Amino acid sequence: MGSSSPYNQDIRLPKKVEMTIQTICLEKSQPPLKNYARKMLAEIGEQASMEVLTEILSSNQPIKSFSGFVSFMVKKDYPVQATAVLAAYDSCSPQSHKMWSPSSTSPHTRNGENLESPLSRLSMNSITSNLHSTSPQSVGCRLSFEDETQENRSPNGAASQPSAPEVKEPITITQQLITLNKLEYRKLFLVMSYIGREKLDDVVTVEDAEEIYRMNEFPMQAFETKIWNKYGQRFYDESDRSQYLDWDSGKTHVYYCHVYQDGSYYFKGPYLNSMKTHLQRSLGDDNILIVKFLEDGAYGTGNIAQEGILVGLRRYRFFVFKDDRKKVNKNQTDKEKKTAYSNVRCFFVRVDSVSPYGYDENYILSGKTIGEARRMFMHIHTISSIEKYMARLSLILSKSIKLEINLAAVIIEKIKDIPFQDEGGFVIHDEDGKPILHTDGTGYISEDLAIRCQICFSAPKYGTDDRFEKNDHFADFADIARQVRGAESRNKEAPLLVQCRIFHEGYAVKGTLLVNRKLEPGTIQIRPSMIKVERDHNIKVEEAFNSLEIVNISHKPGRNCLSKYLIALLSYGGVPQEFFLNLVANTLEDARNVYTNRRAALRVASNHAGLDYGFLAQRMICSGVPLDEPYLQLCLSNLENGEKTKLKTGKIPLDESFYLMGTADPTGVLNNDEVCVILGNGQISGKVLVYRNPGMHFGDVHVMEAVYVKELEEFVGNAKYGVFFSTKGATSAAYEMATGDFDGDMYWVSRNPELLKYFKASKPWKRVLSAPDSKKRNPKEFSDLELENELFQLCLEARTPSFNMATAADSWLTFMDRLLTLGDDRTAEKKSLMKKMIRLVDIYYDALDAPKSGKKVKVPEELRAEMYPHHMEKGSELSYHSSSVLGQIYDRVDALKNDFVPRKEIWKLPCFDVPIPEIYVKMWKSRYESYRREMTKALKSGDESRNDAADEVIKKYKQLLYEAGDMEESAKSSEVIYDEAIAIYHVTYDYAMEHGVEKCNFAWRIAASALCNLCAWKLAGPKEKPLPILPSLLRELLT
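Residues numbered from 1 in each chain as written. Predicted model: local features only at pLDDT ≥ 70, side-chain atom pairs only at ≥ 80, totals over all residues. Heavy atoms only, no water.

A. Highlighting the overall build of the protein. The number of helices and strands found in the protein is 37 helices and 26 strands. Expressed as a percentage of its 1039 residues, the buried residues of the protein come to 56%. In the protein, of all internal contacts separated by at least 6 residues, the share reaching a separation of at least 24 is 78%. Surface accessibility of the protein: about 44500 Å² in total, with carbon and sulfur atoms responsible for 48%. (Helix = DSSP H or I, 4+ residues; strand = E, 2+ residues; numbered from the N terminus. Buried < 20%, exposed > 50% of the residue type's maximum accessible area, 1.4 Å probe, protein only. Contact = heavy atoms within 4.5 Å. Areas by Shrake-Rupley, 256 points an atom, 1.4 Å probe, with all protein chains shown as cover.)

B. A look at the pairing of strand S14 (residues 507-516). Taken across its 10 residues, S14 has 10 buried, putting it largely inside the fold. In this structure, strand S12 (residues 442-446) lies alongside S14, joined through five bridges in parallel fashion. Across the sheet, residue Tyr444 finds its bridge partner in S14, namely Leu514. Alignment of strand S13 (residues 497-504) against S14, held across eight bridges, turns out to be antiparallel. Opposite Val498, over in S14, you have Leu513 as the bridge partner. The loop that links S13 with its antiparallel partner S14 comprises two residues; one of these, Glu505, has a positive phi angle of about 50°. (Pairing = 2+ DSSP bridges.)

C. Structural detail: helix H10 (residues 206-214). Along H10, the residues classified as buried are Asp208, Ala209 and Ile212. Seen end-on, H10 carries its buried residues on one side only, within an arc spanning 100°. What points out from H10, more than 90 degrees from its buried face, is the exposed set Glu207 and Arg214. Looking at the buried side of H10, the elements it contacts are helix H7 (175-180), helix H8 (185-194), helix H9 (200-203) and helix H11 (220-235). (Arc of directions from axis to C-beta.)

D. Local environment of the side chain of Asp810. Position of Asp810 among the secondary structure elements: in helix H30 (residues 804-821). Side chain to side chain, Asp810 and Lys874 meet in a polar contact 2.8 Å long. Residues within four places of Asp810 in sequence aside, it is in contact with Tyr565, Tyr868, Met872 and Lys874. (Polar contact = N/O pair within 3.5 Å; in protein donor to acceptor, adjacent residues only side chain to side chain.)

E. Geometry of the packing of helix H3 (residues 46-58) against helix H4 (residues 66-77). Contact pair H3 / H4: the axes reach a minimum separation of 10 Å and the direction vectors enclose 130°. Judged by the angle between their axes, H3 and H4 are oblique. Here H3 and H4 pass one another in a crossing that is right-handed. Together, Val52, Leu53, Glu55 and Ile56 of H3 and Phe66, Phe69, Val70, Met73 and Lys76 of H4 make up the contact between the two elements. Among the residues making up the contact of H3 with H4, the classes are represented as seven nonpolar, no polar and two charged. (Axes fitted to C-alpha atoms, helices over the stretch in contact; angles between N-to-C directions. Parallel < 35°, antiparallel > 145°, perpendicular 65-115°, else oblique. Left-handed = near helix turned anticlockwise from the far one by under 90°. Nonpolar A, V, L, I, M, F, W, Y, C, P; charged D, E, K, R; others polar.)

F. Broad picture of helix H16 (residues 386-393). Counting buried positions over the eight residues of H16 gives six, a clear majority of the element. Of all the positions in H16, only Ile386, Glu387, Tyr389, Met390, Arg392 and Leu393 are classed as buried. Of the surrounding elements, those touching the buried residues of H16 are strand S8 (314-323), helix H15 (370-375), strand S16 (531-533), helix H29 (784-798) and helix H31 (827-853).

G. Spotlight on unusual backbone geometry. Residues Gly269 and Pro270 are joined by a peptide bond in cis, for which omega reads 0°. As for its position among the elements, Pro270 is in strand S4 (residues 265-273). Cis geometry is found at the peptide bond from Asn693 to Pro694, where omega equals 5°. The topology assignment puts Pro694 in the loop between strand S21 (686-691) and strand S22 (702-706).

H. Focus on the sheet that holds S4. The mixed open sheet is built from six strands, whose spatial order is S4-S3-S6-S9-S8-S7. Only two strands of the sheet have a single partner each, and these edge strands are S4 and strand S7 (309-311). Neighbour-to-neighbour, the strand axes of this sheet turn through a mean angle of 35°, independent of strand direction. Here nine bridges tie S8 to strand S9 (residues 344-353), and the two strands are oriented antiparallel to one another. Bridge pairing in S9 links Arg317 to Val349. Those strands touched by H8 are strand S3 (252-259), S4, strand S6 (288-293), S7 and S8, and its axis lies near 135° from that of S4.

I. Expanded view of the pattern of salt bridges. If you walk through the whole model with that rule in mind, you get 38 salt bridges. We note a salt bridge from Glu713 to Lys710, for which the minimum N-O separation is 3.4 Å. A single network of salt bridges, built from pairs that share partners, joins Glu184, Arg186, Lys187 and Asp248. (Salt bridge = Lys/Arg side-chain N within 4 Å of Asp/Glu carboxyl O.)

J. Molecular detail of the confidence of the model for the protein. Predicted confidence across the protein gives a mean pLDDT of 81, with 81% of residues reaching 70 or more. Per-residue pLDDT stays below 50 along residues 1-8; that stretch engages in 24 contacts with residues further than four places along the chain or on separate chains. (pLDDT = per-residue confidence, 0-100.)

K. Summary view of the side chain of Thr252. Relative to the assigned elements, Thr252 resides in strand S3. Residue classification places Thr252 among the buried residues on the basis of a relative accessible area of 0%. A polar contact is formed between the side chain of Thr252 and the side chain of Lys276, at a distance of 3.5 Å. Among all residues touching Thr252, those that are not within four sequence positions of it are Tyr271, Leu272, Asn273, Met275, Lys276, Gln280 and Asp285.

L. Inspection of the environment of Val893 at higher detail. Locating Val893 in the fold gives a position in helix H32 (residues 885-895). Residue class for Val893 comes out buried when judged on its relative accessible area of 2%. Sequence spacing of Val893 and Thr645 is 248 residues, and the spatial spacing of their C-alpha atoms is 8.3 Å.

What follows is the structure in structure tokens.
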């Protein structure tokens, strides 16, 4: 049928009419209005349409057919328009019932009508099994006009409003879909992905579907290869291919759907991921579809919101979204902006199915509406604004580790928050009328549970939930308390703080829990400020996904670096430029000496231990590999360049400074100008500087007194790493730092003597102005259908990047840069800049909170910088050359030329010049050729899979060498491992001699454990033995 057919028209109606149609669909349990009826409404105009729909809405008669009722009403009052529409539809009426195949490209039926409203349930008995697909990736059904009008004929031949019970319209389904739907879901999804944007029925015949189903018992790796060879290599981008060795390792399976601006979509995956969220653990991977909208602009998504997305015969509907974008820079390239749009991810969940009777399967949300499904996580309907609704619901998307305990056996108590109080004892409120709290976001946890959190979180972080010993965790807490005092507790101390999410009987709790040894075993105490979603006590809680999810625990601080903003604030506070320039000079000196000085090389490598190059370089140097070894020199060259890049952006390493999780003083001893800081050796004393990112106010860096609090030991024992703030009086240093709280915020604490010598604190931040409140939209004011539309629209709007936060930050830094260069004779200009900066600070802090507050934040033109200092790299046409400390740091690093050029010739270490069996050389030569092909494919993978794909390739070849994850875990003969490692070394280096030193990477990525051990033993002196050392201890020794 040509595009001119009325069946192919996407008929848009005025918003008011659309909302009324949707209300009727919801309240009268009707499927969406058919195109011919929509066309009739379009022809008679908005006012007449509203009259017709209002009459239908107010009718007490049962509705057999919504579209037929509209047709009847329009024909009665507007016969000319109705007749014209019917004539057009009669002339091209389809001869058979058709349903769009879920393997096609449009998520809604552009060529026909839709199946049902978002919250209606589908009658499975009504679905037949004879489908002919005509349009890609869209879902819906249509009934020819003749069929429906015949249903609605009165005995005299006129259409009439039916009074008989509603008869569901049949939906025809292809035999291919029914057959493929019996596959294991991940295999079905793989097939749907690998046919790309093709129609299922165009590429998969009934015989093909039967053949695919016969492969259902194949291991996933073999099944993937078969489907790739048959379909994927023809219809799917090879870079997006799903190739894994550990399909059955228990890792999270992630399923993607990418939607284009015209509403068309295609599937990608499944991909394996090491972390899980509360949503994934509760519903199961198969019941979650992550949807990305790839381009800017208006979307043909009306039916996605209403109809959802079909994967095979499963229907997925919008549930929650999360914005994964980093701060948007208005000077980003078009490609970067496009990526920013796609990083807003919608999570759709399976809530129903279009499977024929007898082919359906049970699923966790079977028979639930979206609202009921959300209430299983939290009573989100109690939230008072649309903006907070999604912000709170998205707590279930935090990457976390579940503590496997029976929450029903945990005592969860509510304790009071401690508010700011003036001298008269009256509570102090903020500009929005809410009490300001000393204890915002923090509570307590008993020592036994805290130890369980430590054990849980310290286990392999990216493992699966199967690692937990579940039998022990479901004992009563008296038993648990005895257990943790046993052998296990001697090796595990309780963390000082646990950052967590608690979902319990409708409550959603977010914050930190301070270990409290005074509490009875199995006890958690939470404060009202931690409760983000309250329980609705009018609802009986029968099903709930209760869980304690660990996000982080307090831990030993890693490498600490300054930032541009902190350098600017410290400079304004009196720290001389020479201090920062000396730090830069020392760091550059180490960077320059990495090729000749082992200590300098180790220090730089330890600063980048999180990178492959950094860790490998540390390992090679500590094993005795000489600094001029070809591949080690490549690693060191990369580290030098990385160090210089960081320095140009102000990331300068600083000793005696730490980032620590903050909390409130449980003893009530600390005064407002005091903190208690606990490090590895216990509490420290003396002056310290305290700051919280992203503070930008002149007073956001505080000079405070770190004091020893004896009483604190009764609460925390030997727990380590945190900073405590006072709970007394009318203010709090934490709140004065960009409205800091204690739900997991990290605070910079420095006892660097030179900083303390020079820095003078300014008056702390107090809000001068606040963005006006936007009109709050209470979810309770909307019907279920209206609420779904509002939430989905909020998701689409979130994709549009806001430049306000970036503009405020960039303008502030520009003005601060100028302020730092002005002399004392420019007082008036300084005051003007400072006034602008103070206003920008408030705007920036409002913009940070805007997604939750709903405030509309805008940077006035008079506060926007026109030209930027060159160190911000905005381009020559928008830049001026700055002489500030930040400009000098940039120039110092930029001027440093790399005088040392790594040797290009490749040579081998003499310690590996030993005879080995030729069979190993031949074997690894063949494997290395396969590795190069596989790694090339992996590095071409899409964003979702590139890193995982590369890791899988490396893991595969390490497994072939060690028959385990690494040498330490291997039961294979050490002699054989060493022989094979040396073979790998020679094969790789022989190839690299012709193709470049980068190719040496294979030997060290795969065989580093064996090669470093072998090298260390061969280079050790007569009375020496290799000595293992922790990277954190090495870093400590080098500072």
